[in-house]
Amino acid sequence: MSKKILLDKINIEGIKSFDVYRANGGYASVEKALKMAPNDVIEEVKKSGLRGRGGAGFPTGMKWSFLDKKSGRPKYLVCNADESEPGTFKDRYLMEFIPHLLIEGMIVSSFALEANLSFIYVRGEFRWIIKILEQAIAEAKRAGFLGKNILGTGYDLELVVQTGAGAYICGEETALLESLEGKRGLPRIKPPFPAVVGLYGMPTVVNNVESIAVVPWIVLNSGEEYAKVGTAKSAGTKLISACGNINKPGVYEIELGLPVEEFIFSEEYCGGIANGKRMKAVVAGGSSVPILPTELILKTAAGENRLMSYESLSDGGFATGTMLGSGGFIVYDEDQCIVRNTWNFARFYHHESCGQCSPCREGTGWMERILHSIENGHGKMSDIDLLWDVQRKIEGNTICPLGDAAAWPVASAIRHFREEFEWHVMEPKECMNRNYGLREKSIMSIA
Amino acid sequence: MLAVKSGKQVEFSPAAMDRAREIISRYPDGKQKSALLPLLHLVQDEFGNWLSVDSMDYIARLLHIQPIEVYEVATFYSMYNMQPVGRFLLEICHTGPCEIRGAEELISTLQNKLLIKVGETSADGMFTLKRVECLAACGYAPMLQCGMHYHEFLDSEEKIDRLLNDLRSKATQNN
Ligand SMILES: Cc1cc2nc3c(=O)[nH]c(=O)nc-3n(C[C@H](O)[C@H](O)[C@H](O)COP(=O)(O)O)c2cc1C
Ligand code: SF4
Ligand code: FES
């Protein structure tokens with residue numbers, strides 16, 4: 001068994017309730033942190049090497065230290081519980097089964113950031129989770145861990161659960177802030193960054209659920225101890241939500257640096273490919289990251305074992321690598337059609353584009369239509385190059401990263417599975433009955 | 001596709017009004033517009049799971065904002081229904097991870113059993129089918145959401161039948 005930091009108590013009977021959670025050492029980090037100076041808490045998090053678990057992997061302590069505390073304006077902490085990246089369902093697991101861990105993390109983090117009002121923005125579909133969190137907050141408040149003068153230290157904090165309403169884009173941090181202000185979720189142009197101009201124009205930190213839930217452990221055990229777990233560049237553990245054609249889909253806490261092969265094939269984790277099939281491809285970090293064929297997800301281009309870590313998954317850049325992203329791990333077996341899956345994702349991004357920038361608004365529509373036509377046997381060879389061209393024109397030319405997120409799945413599918421697109425064009429009927437994904441060589445050269 | 005007038009007088013019950021006031025009080029002074037999304041959910045809970053023009057105007061008055069500010073938000077988010085829906089809204093996830101575990105089979109089975117297409121409501125007013133994007137249940141596919149609940153691993157006809165029967169009997173119990 002590998003090290004558990006987030007899920008070590010999840011199987012304790014009744015851990016959802018305040019009393020059981022407290023009896024098992026819960027809220028001890030609040031007692032400890034509130035005796036420290038807020039900036040010392042930030043220092044611990046910096047030392048831990050924790051990188052944001054929402055997808056971008058930005059160092060959490062560094063983000064916290066950018067928060068404008070000097071101007072004396074109100075500061076806000078907003079927890080991103082929008083969890084809408086396809087393949088990702090880990091935050092839900094934490095909030096549903098050990099809600100007090102997030103509440104405890106929110107209190108300690110808010111204290112470090114000197115915020116007196118903090119929000120947890122939960123996607124609106126998680127209706128039962130919203131209830132669970134509201135109940136946990138009420139319990140913590142009754143016990144004196146929230147509200148006025150927490151534990152007699154003079155520190156005040158209110159925690160509000162905010163409900164989203166179905167929009168993937170509201171996971172993007174500035175769209176989330178717009179949504180929290182009661183508006184459409186249109187991402188803002190950066191800079192200014194939320195650390196200076198965030199919620200209601202005030203200094204704001206936005207962090208993922210998992211990033212915040214790990215803070216109590218860091219405060220109790222020290223940043224140095226956390227940094228000892230995982231690899232040098234990927235400290236700690238990570239929740240991975242595994243899905244697709246595997247035997248044991250679910251949420252797993254892994255120590256960063258675990259070999260990908262072990263994660264997929266060992267009984268402790270995914271338990272191998274379902275129905276005795278062969279593995280064809282993996283999307284390792286949510287739908288937005290590049291898809292990799294089996295040989296590249298298991299080994300880097302240099303022939304080393306690929307590991308579950310920020311640096312190993314991105315080894316080789318996008319030519320041969322991908323990203324750890326949100327930890328949404330999607331496994332495809334040999335029967336799955338890459339063209340169809342790419343079309344499905346393109347449709348998703350087209351549907352979710354907020355429409356502010358034309359490369360994203362129009363480009364995602366183009367990609368969806370071209371892929372739909374190739375998938376349905378109406379494609380031309382030149383459509384594959386056109387598709388390549390369209391995704392190139394989106395990447396890097398938009399206000400928020402949704403544009404890149406829409407381009408990467410398409411680019412990587414063409415890069416690694418071009419022959420499958422060609423077969424869809426040349427032999428559409430055959431192609432719908434047979435799988436060409438395991439063919440050896442491309443017929444046409446890569447653009 | 002902006003909304004339909006319900007023709008009914010819209011007003012929260014005293015209990016819903018208490019809840020609305022509590023929601024509005026959560027935000028700093030002058031930032032009450034933050035209550036808009038939660039209040040629109042409350043409206044859907046209270047008035048048949050959709051937003052009529054009348055109910056949106058009501059929320060605009062409650063928050064002292066212009067009706068257009070409510071309409072533009074209501075039409076942006078997929079959880080707000082701009083048309084009346086059946087007693088049970090079945091929202092089926094059709095994004096990649098669910099698709100490779102049988103989302104399309106789930107959709108066609110439901111269409112065949114209810115004799116409706118996605119977007120339609122069954123003749124008895126009981127069920128409406130809607131396609132939605134990833135609900136963060138990808139490992140438990142195929143799945144759908146109905147109100148408060150996620151129904152996961154709907155990978156056989158028996159399970160689908162059982163779900164529909166459970167919902168039908170819930171409807172008769174409550175009437
Ligand atoms: C289109 C889009 C969707 C996103 N969705 C989420 C999400 O659902 N949850 C999340 O935590 N971060 C999401 N992010 C990343 C956030 O913008 C932000 O980087 C993150 O919440 C920061 O927290 P962290 O540093 O703790 O990871 C998304 C980003 C983009 C561009
Ligand atoms: S990239 Fe797409 S989602 Fe992001 S702001 Fe532009 S149009 Fe909106
Ligand atoms: S893809 Fe269906 S729940 Fe995520």
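What counts, and at which threshold
Residues numbered from 1 in each chain as written. Chains lettered and ligands numbered in written order. Predicted model: local features only at pLDDT ≥ 70, side-chain atom pairs only at ≥ 80, totals over all residues. Heavy atoms only, no water. Pairing = 2+ DSSP bridges. Helix = DSSP H or I, 4+ residues; strand = E, 2+ residues; numbered from the N terminus. Axes fitted to C-alpha atoms, helices over the stretch in contact; angles between N-to-C directions. Near = heavy atom within 4 Å. Polar contact = N/O pair within 3.5 Å; in protein donor to acceptor, adjacent residues only side chain to side chain. Areas by Shrake-Rupley, 256 points an atom, 1.4 Å probe, with all protein chains shown as cover. 1 Å grid on protein atoms, 1.4 Å probe; cavity = no way out; pocket = protein on both sides within 12 Å on 5 of 7 lines; lining within 4 Å. Sits in = over half its atoms within 2 Å of the grid points. Nonpolar A, V, L, I, M, F, W, Y, C, P; charged D, E, K, R; others polar. Contact = heavy atoms within 4.5 Å. Buried area = accessible area lost by both parts, 1.4 Å probe. Salt bridge = Lys/Arg side-chain N within 4 Å of Asp/Glu carboxyl O. Buried < 20%, exposed > 50% of the residue type's maximum accessible area, 1.4 Å probe, protein only. Patch = residues over 30% accessible without salt bridge, like charges linked within 9 Å, V, L, I, M, F, W, Y side chains within 5 Å. Points joined across faces, edges and corners; volume = space filled by probe spheres on them. Domains from an automatic or database assignment.

1. A few points about the sheet that holds strand β1 (residues 88-93) of chain B
All names here are of chain B. In spatial order, the strands read β2-β1-β3-β4; together these four strands make up an open sheet with mixed pairing. The outermost strands of the open sheet, each flanked by one partner alone, are β2 (127-132) and β4 (149-151). When the angles between neighbouring strand axes are averaged without regard to direction, this sheet yields 25°. Judged from the six bridges that link them, β1 and β2 form a sheet pairing that is parallel.

2. Observations regarding the site of ligand 1
Residue and element names in this part refer to chain A. Near ligand 1, the surroundings consist of 18 residues, among which Gly-54, Asn-80, Asn-207, Asn-208 and Ser-211 are the closest. A distance of 2.7 Å separates an oxygen atom of ligand 1 from a polar atom in the backbone of Gly-54. Note that an oxygen atom of ligand 1 is positioned 3.1 Å from one of the backbone N or O atoms of Glu-83. Contact with the protein chains removes 90% of the 610 Å² of surface that ligand 1 exposes when unbound. In this structure, ligand 1 is accommodated by the largest pocket. Partitioning the shell around ligand 1 into residue classes produces four nonpolar, eight polar and six charged.

3. Section: the interface of chain A and chain B
In this assembly, 61 residues from chain A lie in contact with 40 residues from chain B. Between chain A and chain B the total buried area reaches about 3900 Å² when both faces are included, carbon and sulfur atoms providing 57% of it. Among the residues chain A hides against chain B, the three largest losses belong to Arg127(A), Ala165(A) and Arg184(A). Together they make up 16% of the total. For the pair chain A and chain B, the number of links is seven salt bridges. Residue Glu133(B) is joined to Arg347(A) by a salt bridge in which the shortest nitrogen-to-oxygen separation is 2.9 Å. Across the contact surface, chain A and chain B share 26 residue pairs in polar contact (both at pLDDT 80 or more). Every element with two or more residues in the side of chain A that touches chain B is listed here: β2 (117-122), α7 (127-142), β3 (158-163), α8 (173-180), β5 (237-244), β6 (250-255), β11 (328-333) and α16 (338-352) of chain A. Residue contributions to the side of chain A that touches chain B peak at nine residues, all from α16(A).

4. Remarks on α8(A)
Residues lying three or four places apart along an α-helix face the same way, a consequence of the helix completing one turn every 3.6 residues. All names here are of chain A. Extensive coverage of α8 is indicated by the burial of eight of its eight residues. Burial in α8 covers these residues: Glu-173, Thr-174, Ala-175, Leu-176, Leu-177, Glu-178, Ser-179 and Leu-180. A positive backbone phi angle near 85° is found at Gly-182, which sits one or two residues after α8.

5. A look at the environment of Ala407(A)
Residue and element names in this part refer to chain A. Summarising the element assignment, Ala-407 is placed in helix α19 (residues 402-426). Between the C-alpha atom of Ala-407 and that of Lys-70, which follows or precedes it by 337 residues, the distance is 40 Å. If near-sequence neighbours (up to four positions away) are discounted, Ala-407 is found in contact with Met-367, Gln-391 and Glu-395.

6. What to know about a nonpolar patch on the surface
The grouping of Phe58(A), Met62(A) and Phe66(A) at the surface amounts to a nonpolar patch, some 290 Å² of accessible area in total. Inspection of the secondary structure assignment puts Phe66(A) in the loop between α4 (60-65) and β1 (76-81).

7. A word on the layout of surface pockets
Looking at the largest pocket, its volume works out to about 1300 Å³. Surrounding the largest pocket, 44 residues form its lining, Gly54(A), Gly55(A), Ala56(A), Gly171(A) and Pro401(A) being those nearest its centre. For the lining of the largest pocket, the element with the highest residue contribution is strand β4 (residues 204-208) of chain A, accounting for five residues. Class assignment for the residues of the lining of the largest pocket results in 17 nonpolar, 16 polar and eleven charged. For the second largest pocket, the calculated volume is near 950 Å³. Lining the second largest pocket are 43 residues, and of these His351(A), Tyr77(B), Ser78(B), Tyr80(B) and Lys130(B) lie nearest its centre. Sorting the residues of the lining of the second largest pocket by element identifies α16 of chain A together with α4 (67-76), β1 and β2 of chain B as the ones contributing at least two each. Across the lining of the second largest pocket, the residue classes tally to 20 nonpolar, 13 polar and ten charged.

8. Here's the deal with unusual backbone geometry
Of note, the bond from Lys190(A) into Pro191(A) is cis; its omega dihedral lies within 30 degrees of zero at -10°. Put simply, Pro191(A) and Pro192(A) share a cis peptide bond, and its omega is 0°. Checked against the element boundaries, Pro192(A) lands in the loop between α8 and β4. Even without glycine at this site, Tyr200(A) takes up a positive phi of about 55°. Locating Tyr200(A) in the fold gives a position in the loop between α8 and β4. Even without being glycine, Asn49(B) reaches a positive phi, approximately 65°. Along the chain, the position of Asn49(B) falls in the loop between α2 (36-46) and α3 (53-63).

9. Concerning the sheet that holds strand β8 (residues 279-283) of chain A
Residue and element names in this part refer to chain A. Read across the open sheet, the five strands follow the order β6-β5-β11-β8-β9; overall the sheet is mixed. Two strands bound the open sheet, and with one partner strand each, they are β6 and β9 (291-293). Shown here is a sheet whose adjacent strand axes are inclined to one another by a mean of 30°, direction ignored. Where β8 meets β11, four bridges bridge the pair, whose relative direction is antiparallel. Counterpart to Ala-281 in the pairing with β11 is Tyr-332.

10. Things to note about the environment of Ala167(A)
Structurally, the position occupied by Ala167(A) is in the loop between β3 and α8. Judged by its relative accessible area of 12%, Ala167(A) falls in the buried class. Residues Ala167(A) and Ile297(A), 130 residues apart in the sequence, show an inter-C-alpha distance of 30 Å. Filtering out sequence-adjacent residues up to four positions away, Ala167(A) remains in contact with Asp82(A), Glu352(A), Phe76(B) and Tyr77(B).

11. Regarding the domain arrangement of chain B
As assigned here, chain B comprises domain 1 (14-74) and domain 2 (88-173). Distance between the C-alpha centres of domain 1 of chain B and domain 2 of chain B: 29 Å.

12. What about the side chain of Gln162(A)?
Considering the arrangement of structural elements, one finds Gln162(A) in strand β3. Note on Gln162(A): relative accessible area 0%, which makes it buried. One polar contact links Gln162(A) to Tyr27(B), side chain to side chain, over a distance of 2.5 Å. From its side chain, Gln162(A) meets the backbone oxygen of Ser34(B) in a polar contact 3.1 Å long. Residue contacts for Gln162(A): discarding those within four places in its chain leaves Ile120(A), Tyr121(A), Val122(A), Leu180(A), Tyr27(B), Ser34(B) and Pro38(B).

13. Describing the domain arrangement of chain A
Residue and element names in this part refer to chain A. Parsing chain A into structural domains produces domain 1 (18-227), domain 2 (237-333) and domain 3 (338-446). Taking only C-alpha atoms, the centre of domain 1 and the centre of domain 3 are 37 Å apart. Across the contact, twelve residues belong to domain 1 and nine residues belong to domain 3. Overall, the association of domain 1 and domain 3 removes approximately 850 Å² of surface from exposure, summing both partners, and the carbon and sulfur fraction of that is 75%.

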